[in-house]
Amino acid sequence: MKIAILPGDGIGPEIVAQAVKVLNVLGEKFELESAPVGGAGYAAHGHPLPEATLALAKAADAVLFGAVGDYQYDNLERALRPEQAILGLRKQLGLFANLRPAILYPQLANASTLKPEVVSGLDILIIRELTGDIYFGQPRGVRECPDGAFKGQREGFDTMRYAEGEIRRIAHVAFQAAQKRDKRLTSVDKANVLETFQFWRDIVTDVHKEYPDVALEHMYVDNAAMQLVRAPKKFDVLVTGNMFGDILSDQASMLTGSIGMLPSASLDANNKGLYEPSHGSAPDIAGKGIANPLATILSAAMMLRFSLNKAEQADRIEAAVQTVLSQGLRTGDIYEAGTTKVGTEEMGNAVVKALG
Ligand code: NAD
């Protein structure tokens, strides 16, 4: 099992080092190979996604990614900015399914802005289609308005579209993920207003025939946004399009209090994936040894579960994270009175120790 390790910029190298430590004590034979990406890629090879880095990512069974971006690269032309690396990897690897679990460990119930009884024990998974929808649909642009009350004025326009195959493949990912959990799937759409999402609903309903063990419900996106803050624990897996997923997954991430706890996976058609924390490179705290490495360690657990077929090892890592939280260890972002503040390295070492 070959894993490409792409630490990137800012806190990326610090947090990825902790996840690598964890992978190395599992007793598995992983072949880990690192390469520069983002600002580090530009500094080493003049491009945020150097050819050798892309080749490594393509050849590997999975990619563990830190984060990219740093102030010193903000004035580069857009194509050379560090953030282009992650967009390039998604496109080149065909990563169309974005999985973002939002888990609030009971030990961190006070970290959320919602009441503890509403969110304590929250464990939901949002699956966002990542390469289609209005974000990519053509035509788009600014033109002369062809009709209506504003005819002749300039207007901006985009195109929302989803091909049947695009909907089917994300629906399969969602049903299969639900099968591994509580077997409940909520498909979020706007079928009452949008043709694209009536079509989405019809196709998801059709794919459901292949997964009779999963309970499927359809929900309009406005209602889903409301339910996510009213009673988030009633969801298990949610699947939705690119734009709705963009908004809902960020909303859900804040239910859990700190972005430093949230892993993510982006998968292709064969469950090969890129795994990264949901946060960025946090240049404001880079090099200080205080970043929370748990989102990256939990991303490594997702990698074991979804791409490397090592669900038991994933369970072990997640249990070890629970153990260190129960021991009261906290990085600054999740610290509260009565707990013990630790740095990035100490947190990583504690997870390794908890693994036994
Ligand atoms: P950010 O997520 O890097 O940071 C937001 C805030 O959260 C900061 O205060 C930061 O210190 C804190 N934070 C983030 N991760 C943390 C962690 N693990 N532990 C403790 N605190 C943490 O977002 P930003 O400040 O908007 O962006 C910084 C850079 O990251 C930019 O260059 C941006 O383009 C890039 N970025 C990259 C990715 C990616 O690589 N996928 C995603 C988002 C942003």
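What counts and how
Residues numbered from 1 in each chain as written. Predicted model: local features only at pLDDT ≥ 70, side-chain atom pairs only at ≥ 80, totals over all residues. Heavy atoms only, no water. Buried < 20%, exposed > 50% of the residue type's maximum accessible area, 1.4 Å probe, protein only. Helix = DSSP H or I, 4+ residues; strand = E, 2+ residues; numbered from the N terminus. Pairing = 2+ DSSP bridges. Axes fitted to C-alpha atoms, helices over the stretch in contact; angles between N-to-C directions. Parallel < 35°, antiparallel > 145°, perpendicular 65-115°, else oblique. Left-handed = near helix turned anticlockwise from the far one by under 90°. Contact = heavy atoms within 4.5 Å. Near = heavy atom within 4 Å. Polar contact = N/O pair within 3.5 Å; in protein donor to acceptor, adjacent residues only side chain to side chain. Areas by Shrake-Rupley, 256 points an atom, 1.4 Å probe, with all protein chains shown as cover. Domains from an automatic or database assignment. Buried area = accessible area lost by both parts, 1.4 Å probe. Salt bridge = Lys/Arg side-chain N within 4 Å of Asp/Glu carboxyl O. Phe/Tyr/Trp six-rings, centres within 6.5 Å; stacked < 30°, edge-to-face > 60°.

The alternating pattern of strand β10 (residues 237-240) places Val 237 and Val 239 and Leu 238 and Thr 240 on opposite faces, both of which are buried. Two strands pair when backbone bridges link them, and strand β8 (residues 184-189) and β10 are joined in this way by three bridges, in the parallel orientation. Among the inter-strand pairings, Thr 186 is bridged to a residue of β10, identified as Leu 238.

Quick look at the packing of helix α10 (residues 294-306) against helix α11 (residues 311-326) now. In contact at an axis separation of 7 Å, α10 and α11 are set at 160° when each is read in the N-to-C sense. Relative to α11, the element α10 is oriented roughly antiparallel. Where α10 crosses over α11, the handedness of that crossing is left-handed. Of the residues in α11, those touching α10 at Leu 294, Ile 297, Leu 298, Ala 301, Leu 304 and Arg 305 are Ala 311, Gln 313, Ala 314, Asp 315, Ile 317, Glu 318, Val 321 and Leu 325.

Moving on, we get to the site of the ligand. Glu 83, Gly 280, Ala 282, Asp 284 and Asn 292 are the nearest of the 20 residues found near the ligand. Here an oxygen atom of the ligand sits 2.5 Å away from a polar atom, N or O, in the side chain of Glu 83. Interatomic distance of 3.1 Å between a side-chain N/O atom of His 279 and a nitrogen atom of the ligand. Isolated, the ligand exposes 810 Å² of accessible area, and the fraction of that covered by the protein chains is 66%.

It is worth spelling out the domain arrangement of the protein chain at this point. Entries for the protein chain in the domain assignment read domain 1 (1-100 + 259-356) and domain 2 (112-256). Centre-to-centre, using C-alpha coordinates, domain 1 lies 26 Å away from domain 2. Counting the surface lost from both domain 1 and domain 2, the interface buries some 1,300 Å², and carbon and sulfur atoms represent 63% of this. Connecting domain 1 to domain 2 are one salt bridge.

To continue, consider the pattern of salt bridges. Enumeration over the complete set of coordinates arrives at 19 salt bridges. For the salt bridge of Glu 31 with Lys 2, the shortest nitrogen-to-oxygen distance reads 3.7 Å. Highlighted residues: Glu 31 in strand β2 (residues 31-34) and Lys 2 in strand β1 (residues 2-8), separated in sequence by 29 residues. A salt bridge links Arg 305 to Glu 318, with the shortest nitrogen-to-oxygen separation between them at 3.0 Å. Pair noted here: Arg 305 is in helix α10 and Glu 318 is in helix α11, with a separation of 13 residues, a long-range link. In this structure Glu 318 comes out as partly exposed when scored by relative accessible area, which is 22%. Each of Glu 164, Arg 168, Asp 206 and Lys 209 takes part in one network of salt bridges that share partners.

What the rule picks out here adds up to six aromatic pairs. Seen from their ring centres, Tyr 162 and Phe 197 are 6.2 Å apart, and the 85° between their planes marks the pair as edge-to-face. Of the two residues, Tyr 162 is situated in the loop between β7 (154-157) and α6 (164-179) and Phe 197 in helix α7 (residues 195-208); the sequence distance between them amounts to 35 residues. The pair formed by Tyr 162 and Phe 197 is uniform in burial state, with each residue classed as buried.

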